[in-house]
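# Working through the structure, step by step
Next come the chains, spelled out residue by residue.
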Amino acid sequence: MLFEEVAYYYEKLESVSSRLAMIDIMAEALGKADKKEMRPLIYMTQGLLGPPFEGIQMGIAEKFAQQAIASATGFTKEEVAANAKKTGDLGNTAEELTRKTKLKRMSSKKHNVLSVYETLLKIASTSGQGSQEAKIRSAVALLTAASPLEARYLIRLALGKLRLGAGDATILEALSKMSTGERSARAELENAYNICSDLGKVGEVLAESGIKGVERIKVSLFNPIRPALAERLPTANEILEKMHGKCAVESKYDGLRAQVHLDKGKKKVEIFSRNLEKLTPMLPEIAKAALSEVRAERAIIEGEAIAYNEETGEFRPFQETIQRKRKHGIDELSVSMPLHLFAFDLMFLDGEDYLGKPYHERRAKLESLIKGGKTILPSGRVIVDKPKELDKYFEEQIADGLEGIVAKELNSPYVAGARKFSWIKLKRSYRGELSDTVDLVIVGYYLGRGARAEFQFGGLLAAVYNNKKDDFETVTRIGTGFSEEQMRNFKKILDKIKKPGKPARVDSIVTPDFWVEPTYVVTVRADEITKSPMHTCGRDGGDTGYALRFPRIVSDGVREDKSPDDATTTKEIIEMYGMQKRIKVEDK
Ligand code: AMP
């Protein structure tokens, strides 16, 4: 497949905002790729060069991209910089200046999907001395053989700023449409994706062996599994009813979710976060303990890493655990404030897939594997069949400084990537407040007025994720509770992702001072969910949606462990609205 065709489809994708249209265009584009091209084409369409968990950085800076455009078109660096200022987008600059090139086109060679992908990968992987020059040379080679439209997308890809606005769900439906003509095979494709977290792999297997092949995709070591998520219910009664009268109740730790992949023979450990980024360098004591404490050759276990004082039995707040998410000083921290892993699940053991086994069996095996460990401990838990027992355990957890409990159905499998009632969380309910925090995506921000003018930041427009429509629906404007440092920080990071108009997947009827590409998630506490004509959350074609009342940020800045698609969903907000009404009735 020629890259020219890819660029043509990317332009078409950019010009539509309806999700169905996006799916059709993408299905047609994917249908043009042959088996070998499928994986690279999918990664590139995601704006990546590999599955996100590999963390391949695109690796060319704006300055060097400008230099490459200058060399490839004959314009001076100053002219390129001036044009970039005008367009606000180096991709558009590359396009315009390629069209007006001052140089004779030397090459009649055309780019194809594989050649572009390989060159971009080379640019990304070149490091060390002289690497910038080598990267620029490769980028110039790409640009000199490119049409203006190709140049637009090559530069955006090389900068890691393709942002076509297609989420994973849209790509999965496009794959379904491509292979079956319908969107209905999404469920099978999504299942496979939840197990391997690699859309490129799913697409490749689909191209090679059809849906049947996709259904055979199994758990494999060092390919993270998309984590199971918990539903909410407001009372012990309702939880037990949902669990058919009996369930396990585990302590809910407020730390970092960690999925540990271990291969003793290779002395290799990899730890993935909730949004599947590699956490291994940040949790050296847990990686080490995985090799010495877990009685298995090869395994995938999951738990919550948290700062915990063994001597006093005291759990430290999330703010202390999260300090690990930094680049320097980890070794010192791992001594002064060592983390423990409270393990709660087992997904793979010595070649055997555990996802389909019932919870009680996974848990029993997990306990036998980590028995006697010091750093890796089983999460606290009891089995209950009476609401009173559940409440008692819950109160004990709160008294111990924990967040609450997660109830687990004894016979259910591990449901990768989905929020199901086989796990139900119950958190402390503060008087007059929602019993749970929500995770919202920032889609815009406001300028500061009055005393805030100096920060040029006056608040956020925040949205939930609608996983049916694969878009972001606004639910609140957050205007209070920011520290000065937070305001400066938000302004700095959001300026880098500003968009001239409403971004592709954002559904909003209010307009902030600046739109931003949905990238960052913040955790928010609010007093109440109300019906509102201002926000699109749950509007579904009607006049009123749902909104948060008195929202304030409780995360320390943005949640680096969550991506936009991990935000609280529209469905959850509607469910929480229903629960809130039930609690109010009970209170009376
Ligand atoms: P939330 O982030 O509030 O939706 O709660 C779900 C999160 O709780 C999971 O993603 C885990 O990181 C965390 N968690 C803490 N303890 C447990 C546990 N025992 N079982 C499952 N998840 C837990």
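This is a predicted model, so every value here is computed, not measured.

What follows covers the pattern of salt bridges. Opposite charge on two side chains allows them to pair when their charged atoms are near. This structure, assessed with the given rule, holds 55 salt bridges. The salt bridge involving Glu 14 is made with Arg 156; its shortest N-O contact spans 3.0 Å. Within this pair, whereas Glu 14 is found in helix H1 (residues 3-15), its partner Arg 156 is found in helix H9 (residues 148-159), the two being separated by 142 residues in sequence. Classification of Glu 14 as partly exposed rests on a relative accessible area of 36%. In this structure, the salt-bridge partner of Glu 96 is Lys 86, at a minimum N-O distance of 3.1 Å. Of the two residues, Glu 96 sits in helix H6 (residues 90-99) while Lys 86 sits in helix H5 (residues 77-87), which places them 10 residues apart along the sequence. In this structure Glu 96 comes out as buried when scored by relative accessible area, which is 17%. When its relative accessible area of 58% is taken as the criterion, Lys 86 is described as exposed. Among the charged side chains, a salt-bridge network with shared partners connects Arg 232, Lys 252, Glu 403, Arg 419, Lys 425, Lys 427, Asp 436 and Glu 572.

Taken domain by domain, the protein consists of domain 1 (48-159), domain 2 (229-431) and domain 3 (437-581). The straight-line distance from the C-alpha centre of domain 1 to that of domain 2 is 44 Å.

One can describe the packing of helix H10 (residues 168-180) onto helix H12 (residues 199-215) by two numbers: an axis separation of 11 Å at closest approach and a directional angle of 10 degrees. Considered as vectors, H10 and H12 are oriented roughly parallel to each other. From H10, Asp 168, Ile 171, Leu 172, Leu 175, Met 178, Ser 179 and Thr 180 reach across to H12, where they touch Leu 199, Gly 203, Leu 206 and Ile 211. Grouping the constituent residues of the contact of H10 with H12 by class yields seven nonpolar, three polar and one charged.

Taken in spatial order, the five strands of this open sheet run S1-S12-S11-S2-S10, and their pairing is mixed. Each edge of the sheet is formed by a strand with only one pairing partner; in this case those strands are strand S1 (229-232) and strand S10 (381-384). Taking each pair of neighbouring strands and ignoring which way they run, the sheet shows an average axis angle of 35 degrees. Of the strand pairs in this sheet, strand S11 (residues 404-408) and strand S12 (residues 419-427) are connected by five bridges, and their pairing is antiparallel. What sits directly across from Ala 407, in S12, is Ile 424. Against the sheet, helix H18 (residues 387-399) touches strand S2 (247-252), S10, S11 and S12, its axis set at about 140 degrees to S11.

Rules used in this analysis
Residues numbered from 1 in each chain as written. Predicted model: local features only at pLDDT ≥ 70, side-chain atom pairs only at ≥ 80, totals over all residues. Heavy atoms only, no water. Salt bridge = Lys/Arg side-chain N within 4 Å of Asp/Glu carboxyl O. Helix = DSSP H or I, 4+ residues; strand = E, 2+ residues; numbered from the N terminus. Buried < 20%, exposed > 50% of the residue type's maximum accessible area, 1.4 Å probe, protein only. Domains from an automatic or database assignment. Axes fitted to C-alpha atoms, helices over the stretch in contact; angles between N-to-C directions. Parallel < 35°, antiparallel > 145°, perpendicular 65-115°, else oblique. Contact = heavy atoms within 4.5 Å. Nonpolar A, V, L, I, M, F, W, Y, C, P; charged D, E, K, R; others polar. Pairing = 2+ DSSP bridges.

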